[in-house]
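Here are the chains, one letter per residue:
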Amino acid sequence: MSEPVSALNAAAFDGLAHVQEAGLHGMITLRGDHADADFAQAVADVAGVAMPDQREVVSGGDTSLIWMSPDELLLLCPYAEAGETVTKLTEALGDTHALAVDVSDARVVFTLTGTHIRDVIAKLAPVDMSPAAFRPGMVRRTRFAQVAAAVWLRDDETAQIICFRSVAPYMFALLCNAATPGTEVGIF
Amino acid sequence: MSTRLATGGRLTDRTKQMKFRFNGQQMRGVEGDTLASALLANGQLMMGRSFKYHRPRGPVASGSEEPNALVNLGQGARFEPNQRATTTELFDGLVAASQNHWPSLQFDVGAINTHLSRFLPAGFYYKMFIHPRPLWKHVYEPFIRRSAGLGAAPDAETVDADTYEHFYTFTDVLVLGGGVAGLQAALTAARSGAQVLLLEQNAHWGGRTPVDGGEIDGKPAEQWIKDTVQALEAMGNVTLRSRTMGAGVYDHGYVLGYERLTDHAPETPGPRHRLWRIRAQQIVTATGAIERPLSFAGNDVPGVLLASAIRDYVVNYGVSIGDRTVVVTNNDDAYRTAICLHGHGLNVPVIIDARMQGGGALMAQAEALGIRVLKGKAIAKVKGTRKVTAVEICDQAGEGAVLETIPCDAVAMSGGWSPVVHLWSHCGGKLSWDEGNAFFRPDLSRAPTSHDGAPFVIPAGSANGYIQLKDTLADATTAGSSAATAAGHQPKVGTLPQVAPREEAAMLPVWLMPQGANVKLRSKAWLDFQNDVKVSDIQLAAQEGYESVEHAKRYTTLGMATDQGKLSNINGLATLSAALGEAIPSVGTTTFRPPYTPISMGSIAGQARGDIFQPVRETPLHGWHEAHGVHWEPVGQWRRPYSFVQQDETVEQSVNREVKAARDSLGLLDASTLGKIVVKGPDAGKFLDMLYTNMMSTLPVGKCRYGLMCNENGFLMDDGVVARMSDDTWLCHTTTGGAERIHAHMEEWLQTEWWDWQVYCANVTEQYAQIAVVGPNARKLLEKLGGMDVSRETLPFMQWAAGTLGGFPVRIFRISFSGELSYEIAVPASQGLALWERLHAEGAEWNATPYGTEALHILRAEKGFIMIGDETDGTVIPQDLGLGWAISKKKADYIGKRAQARSHMTDPTRWQLVGLETVDGSVLPDGALAVASGTNANGQRHTQGRVTSTYHSPTLNRGIAMGLVLNGPDRMGEVLEFTKLDGTTIPTKIVNAVFLDPEGEKQNV
């Protein structure tokens, strides 16, 4: 076993916001009908947190459940635990029609911190970033410029952005560019 | 001569002098000037030449409607042509040059065209350049291209020095235009609690009201504007942006805002332009009105300006166009210019009013000041070429007999006002003709509608046809209130701003001056100043049958200049309607399209330039490749190694070396880009049987099967190996370019057609780095790493196994795209580089050689394996490629099955895949055609086949190719002639497409 390396090896940038590649995260794609009680129960049991509502995130400890679509969730957990969690989920789900698959290595996580994170995101994603519309604990599946991404607001000054690993350099460059010092829009 | 007045200029600060250069000449302006006002202050009235006749041109307007005063602005990396001097804010060090002349602005050879104008009528290009046909390509088109365009094109190799960005925002109410109507509408909407965004294209609030004067709520308009802006700034739910133009209104409340951040201060850090991409629930268009020129002979001579513009230059910038200004009008508003000029100590020899009764209170005021007013009169002709020297006066009712000549150096003209309906119209808002005011105004019963069928654009103030200040503010209040209500807020009942009513006499529609002007005068009466379209041109177009306004526009180029007809449109279509003898509303307007004024290309591109022009997808091994001499090939958005070029090697040599290494010993390929889609569920087998042409449901767990995927029309769209992971789970490999497309294809069928099937899929392409270990020594390397039994017995061809290889958690697929002994190893992406490096280190004893896509292509071509995109092009079915064996005869259905039963799909004359070998061993050109005897109706040779893949095979040391050939498989050994680029042909033999190891012994060891 070699030491796993994240896509950009914790690259960082300071500007309008602090941009940080957040290292390796355990990520599990869960497909299943949220309305199915068996599915919801199995997921909640293994994750240890409640099912999120539409476009929301529920966190507990180092585990988060992110709503991705009416039949998709993303479970965040420590990287080392992802494989085991997939096994547990598959067991807990039993005969329930569902899919749990480890995508920890398929994606990259960026953390954006600072008072101007909404400016940075709103330059790239066609999403309403006003504090009234996008509050801590909410997630949006959207695009950042030309690539797909999910953005999750942890608190008023911390956002996490998840995208495909292959475009990590592009996403990092995008975020740094949008965070060029002196380019605040001054609307939020 | 134009000059700076001793005092005045409400927007300027005379204590702050600025230097700038125009046509190489040093000039001085003051802070707050536009380039146009600064040039005028320096006596530079002539600023350019018109497009067609190269006539001298000075500014005719003072704002964004300006058609004439266009300049080449900036230098080098900040050069931009066709910038309007009237909206370019002056800054210290500005450099500008005039356009469309040679050798100089003063003396222009092209001005000969004005003397040839009777030979250059409307539709000249269409008439002249149609015959003889062959001359078009070699003579006419190059000539026309050379004379096309006004400003200079930026140098192709120069990179724009500035940055640009986009910004997405959402609002309840968006108000476009920060004049008094926009301010009042915004205030009204904001008081309801709605989120309000207010955009103003200029640097200043209040529009032209401060120039026109008047009192609001008992205080001067300028004070009211200041107070209102302050009130808005103090509200938490309001955002104000000046220097930001509403450029376009699109479906469902989408609006583009164009913010110019540093145009007025180019050295300021930050983006130059920001393109606001706005979603608004309701849009208020408070875009004001534009004054119309009058059509009289010589109305294009420098010094003839809109009456409002002359007023603007005096009041806003303290600049006069001339000492003696003749005012000519059909309405009361132009009297304000006369009164204003008089108040600034300038001479107004006469006001020529086309109306027999003249005007109202303003006329009385002008007469009281001692200004001479002539009623029922017109300008027959303006004298002067580069500047106005005099006007000849005639009766408006007559044909132009001169009654009097009055020397002057400026003419202020007003043909009435047209509401700026552009943004109302962009998304489908309709117009109605207002007979009394002679203008088109928004028809509120036919507003642009959103997804719910409800209107989402509300015009306000003069943009809605309410020209008088009192009416403007009342209408804006209504608009703001309606917008708030429609956006779900409860407007507060407030008091209307109090404005004393002003008596103005009715205007008189005047579309030609004098009304009976003879042809000589008509052919000097300009409608479109930039493109040189005159009254006579429109009349000619009508006479020649161009009755539709859209046709007449294109025939004459009316309104096709950079100003998009802001001044010429209404006058032109009124002229057309008169020529056709139809009412103006039945002729209609041309279409208003965004943007309102041109926006920069940079703002459209936003951040997409340089490194982030496009996303480049990188595999986990990308950095290693870069460090090892990679020659990249773009594959979709991925970069894949084409070859790894060593020192003293050509790319061709390195490709040959890589092929041989894989054939003779050990090759390593980064196959991470291959699509990997997990398909799981009780119905997954059934689903895959429908997607692939062969059976996947019967595949045993642990085994792999090559599959073909067709679209509904039967055409081959993707291929790849499918592995059965467990009872209810399959892993589908796709082509590199197919991963997202095929994933979407799966989801589409699952969501739209087979929504009741229990299947989930997930795209896990990027979870794994995938490495192909290829060649006779492949097994030895894996055995050396240890941990898994990779023997022929335990892991035979077309099986897969999971385990730990050399400490890495892997899945090994025993599949081959090269015909060699081959293992594809999938490892979590985060460990991909470590495994890759380990394979190189441990494989050194067998000369482990990384190979790229070109070697991969040659390896597969030598084996006759097809490549999606080479052998297929969207018109090829599996049956064309000899892949009938991969099509299940047992299955009742699969996507494409019925299409493949169509008569032309089963036609035996469809070209079929074969191998091709040139007789002399050379390499066939890619895409070469096999010629047949005879020619078709177009005189082209008949063909009987084409090359789909062609390479030099280092293994066979000769050219090999695949191609589709008529009855190919039945013509083995036959020699056909294939085309070469030089027009000759090359004899080529039809052979089996499998050039190497037809029994497959090498991969099966």
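Each chain has its residues counted from 1, running along the sequence as written. Chains carry letters from A onward and ligands carry numbers from 1 onward, assigned in written order. With the structure being a predicted model, the display of local features is reserved for residues of pLDDT at least 70 and the display and counting of side-chain atom pairs for 80 or more, all residues being used for whole-chain, interface and lining totals. Water and hydrogen atoms play no part in the side-chain values, which are based on all heavy atoms of the structure.

- In the annotation of an unreviewed UniProt entry, the entry for chain B reads Sarcosine oxidase subunit alpha, and the organism field reads Puniceibacterium sediminis.
- UniProt positions are given in the numbering used here, feature names are shortened, and annotations may be inferred rather than shown by experiment. According to its UniProt record, chain B has this under Sequence similarities (unreviewed entry): "Belongs to the GcvT family."

- Looking at an unreviewed UniProt entry, one finds chain A named Sarcosine oxidase subunit gamma and attributed to Puniceibacterium sediminis.

1. What to know about the overall build of chain B
Part 1 of the argument: The secondary structure content of chain B amounts to 25 helices and 51 strands.
Part 2 of the argument: In terms of overall dimensions, chain B has C-alpha extents of about 115 × 70 × 55 Å along its principal axes.
Part 3 of the argument: Three exposure classes are used, based on accessible area relative to the maximum for each residue type with a 1.4 Å probe and protein chains only: buried under 20%, partly exposed in between, and exposed over 50%. For chain B, buried positions account for 59% of its 1005 residues.
Part 4 of the argument: In the form shown here, chain B has an accessible surface area of approximately 39,300 Å², with 52% of it arising from carbon and sulfur atoms.
Part 5 of the argument: Counting rule applied: Lys, Arg positive; Asp, Glu negative; His and chain ends not counted. Lys charges are placed at NZ, Arg charges at CZ, Asp charges at CG and Glu charges at CD. Distance from the positive charge centre (93 side chains) to the negative charge centre (105 side chains) of chain B: 4 Å. The way it works is that DSSP assigns letters per residue, a run of H or I at least four long becomes a helix, a run of E at least two long becomes a strand, and they are numbered from the N terminus. Method for areas: the Shrake-Rupley scheme with a 1.4 Å probe, in which residue coverage is limited to the protein chains shown.

2. Focus on the overall build of chain A
Part 1 of the argument: Helix and strand counts for chain A stand at 4 helices and 11 strands.
Part 2 of the argument: To get the radius of gyration, use the C-alpha atoms; to get the globule rule, take the number of residues to the power 0.38 and multiply by 2.2 Å. Whereas a compact globule of 188 residues would reach a radius of gyration of roughly 16 Å, chain A reaches 17 Å, a difference of no more than 12%.
Part 3 of the argument: Referenced to the eigenvectors of the C-alpha coordinate spread, the extents of chain A come out at roughly 55 × 40 × 30 Å.
Part 4 of the argument: Contacts are residue-level and defined by heavy atoms, with any inter-residue pair within 4.5 Å sufficient. In chain A, once contacts between residues fewer than 6 apart in sequence are set aside, the share between residues at least 24 apart is 61%.
Part 5 of the argument: Here chain A contributes 12 positive and 24 negative side-chain charges, whose respective centroids are spaced 8 Å apart.

3. Quick notes on the environment of Ala-161 of chain B
Residue and element names in this part refer to chain B.
Part 1 of the argument: Positionally, Ala-161 belongs in the loop between helix H4 (135-147) and strand S9 (164-176).
Part 2 of the argument: Considering only alpha carbons, one finds Ala-161 and Arg-272, 111 residues apart in sequence, at a separation of 9.6 Å.
Part 3 of the argument: Setting aside its immediate chain neighbours within four residues, Ala-161 contacts Ala-77 and Arg-78.

4. A look at unusual backbone geometry
Part 1 of the argument: Geometrically, the link from Met-513 of chain B to Pro-514 of chain B is a cis peptide bond, its omega value of -10° lying close to zero.
Part 2 of the argument: Checked against the element boundaries, Pro-514 of chain B lands in the loop between helix H12 (469-486) and helix H13 (519-522).
Part 3 of the argument: Pro-595 of chain B follows Pro-594 of chain B through a cis peptide bond whose omega is -5°.
Part 4 of the argument: Within the fold, Pro-595 of chain B resides in the loop between helix H17 (584-587) and helix H18 (601-605).
Part 5 of the argument: At Arg-55 of chain A, a position not held by glycine, the phi torsion is positive, near 60°.
Part 6 of the argument: Mapped onto the fold, Arg-55 of chain A is located in the loop between helix H1 (37-47) and strand S4 (57-60).
Part 7 of the argument: Non-glycine residue Asn-847 of chain B carries a positive phi angle of around 55°.
Part 8 of the argument: Tracing the chain through its elements places Asn-847 of chain B in the loop between helix H24 (832-842) and strand S45 (849-851).
Part 9 of the argument: With relative accessibility at 52%, the residue Asn-847 of chain B sits in the exposed group.

5. Digging into the UniProt feature "domain: Aminomethyltransferase C-terminal" (unreviewed entry) in chain B
Part 1 of the argument: Mapped onto the present numbering, the UniProt feature "domain: Aminomethyltransferase C-terminal" (unreviewed entry) falls at residues 912-997 of chain B.
Part 2 of the argument: Along residues 912-997 of chain B, the helical share is 0% and the strand share 55%, with 22 Å between the first and last C-alpha atoms.

6. A few points about the interface of chain B and chain A
Part 1 of the argument: Facing the 45 residues of chain B at the interface are 47 residues of chain A.
Part 2 of the argument: Values labelled buried area give the accessible surface lost by two parts on being combined, using a 1.4 Å probe and summing over both. Interface of chain B and chain A: buried area, both sides summed, is about 3,800 Å²; carbon and sulfur atoms make up 57% of it.
Part 3 of the argument: If you sort the residues of chain B by the area they bury against chain A, Tyr-168, Tyr-760 and Ser-830 of chain B come out on top, with a joint share of 21%.
Part 4 of the argument: One side-chain nitrogen of Lys or Arg within 4 Å of one carboxyl oxygen of Asp or Glu is enough to make a salt bridge. There are 2 salt bridges connecting chain B and chain A.
Part 5 of the argument: The salt bridge involving Arg-31 of chain A is made with Glu-747 of chain B; its shortest N-O contact spans 3.0 Å.
Part 6 of the argument: Polar contact is the term for a pair of N or O atoms within 3.5 Å; when the atoms are in protein, one must be able to donate a hydrogen and the other to accept it, and sequence-neighboring residues count only if both atoms are side-chain atoms. Counting every contact that joins chain B to chain A gives 22 residue pairs in polar contact (both at pLDDT 80 or more).
Part 7 of the argument: With 6 residues, the single largest contributor to the side of chain B that touches chain A is S9 of chain B.
Part 8 of the argument: Under this grouping Gly is polar, as are all residues other than the nonpolar Ala, Val, Leu, Ile, Met, Phe, Trp, Tyr, Cys and Pro and the charged Asp, Glu, Lys and Arg. Split into classes, the residues belonging to the side of chain B that touches chain A amount to 24 nonpolar, 12 polar and 9 charged.

7. Brief notes about helix H10 (residues 361-368) of chain B
Residues and elements named next belong to chain B.
Part 1 of the argument: Three or more residues of H10 are buried, namely Leu-362, Met-363 and Ala-366. The buried side chains of H10 occupy one side of the element, clustering within an arc of 100° when seen end-on.
Part 2 of the argument: Buried positions along H10 lie against helix H9 (334-343), strand S21 (351-353) and strand S22 (373-375).
Part 3 of the argument: Gly-370 sits one or two positions beyond H10 and adopts a positive phi of about 90°. Comment: arc refers to directions from the helix axis out to C-beta atoms.

8. Re the sheet that holds S45 of chain B
Residues and elements named next belong to chain B.
Part 1 of the argument: An order of S42-S43-S44-S41-S35-S45 is seen for the 6 strands of this open sheet, with the pairing classed as mixed. At either end of the open sheet lies a strand with only one pairing partner, and these are strand S42 (800-805) and S45. In this sheet, adjacent strand axes meet at a mean angle of 30° when their direction is disregarded.
Part 2 of the argument: We treat two strands as partners when DSSP finds at least two bridges between them. Alignment of strand S41 (residues 768-774) against strand S44 (residues 822-828), held across 7 bridges, turns out to be antiparallel. Opposite Tyr-768, over in S44, you have Pro-828 as the bridge partner.
Part 3 of the argument: Against the sheet, H24 contacts strand S35 (667-670), S41, strand S43 (808-813), S44 and S45, and its axis sits at roughly 15° relative to S41. For helices, the fitted line uses only the C-alpha atoms of the stretch in contact; every axis is such a line through C-alpha atoms, and the angle between N-to-C directions lies from 0 to 180 degrees.

9. Considering the pairing of strand S9 (residues 139-144) of chain A
Part 1 of the argument: Pairing between S9 of chain A and strand S10 (residues 147-155) of chain A: 6 bridges, direction antiparallel. The residue of S10 of chain A that forms the bridge with Arg-141 of chain A is Ala-150 of chain A.

10. Focus on the domain arrangement of chain A
Residue and element names in this part refer to chain A.
Part 1 of the argument: Examined at the domain level, chain A breaks down into domain 1 (12-23 + 106-178) and domain 2 (26-105).
Part 2 of the argument: Domain boundaries shown here were taken from an automatic or database domain assignment. Placing the centre of domain 1 and that of domain 2 at their C-alpha centroids yields a distance of 22 Å.
Part 3 of the argument: Listed per partner, the contact involves 14 residues of domain 1 and 17 residues of domain 2.
Part 4 of the argument: Around 1,300 Å² of area is buried between domain 1 and domain 2 when both sides are counted, 58% of it from carbon and sulfur atoms.
Part 5 of the argument: Of all residues in domain 1, the largest losses of buried area upon contact with domain 2 belong to Arg-107, Arg-141 and Trp-152, amounting jointly to 45% of the total for that side.
Part 6 of the argument: The tally of links from domain 1 across to domain 2 stands at 1 salt bridge.
Part 7 of the argument: Across the pair Arg-141 and Glu-72 runs a salt bridge whose closest N-O atoms are separated by 3.5 Å.
Part 8 of the argument: In this structure, the connection of domain 1 to domain 2 is made through 6 residue pairs in polar contact (both at pLDDT 80 or more).
Part 9 of the argument: Within the side of domain 1 that touches domain 2, the residues separate by chemical class into 8 nonpolar, 2 polar and 4 charged.

11. A look at helix H8 (residues 307-317) of chain B
All names here are of chain B.
Part 1 of the argument: Within H8, 11 of the 11 residues are buried, which leaves it mostly tucked inside the rest of the structure.
Part 2 of the argument: All of the buried residues in H8 are Ala-307, Ser-308, Ala-309, Ile-310, Arg-311, Asp-312, Tyr-313, Val-314, Val-315, Asn-316 and Tyr-317.
Part 3 of the argument: Looking one or two places after H8, you find Gly-318, whose phi comes out positive at around 65°.

12. A short note on the side chain of Thr-477 of chain B
Part 1 of the argument: Following the sequence through the fold, Thr-477 of chain B ends up in helix H12.
Part 2 of the argument: The buried category is assigned to Thr-477 of chain B, whose relative accessible area is 16%.

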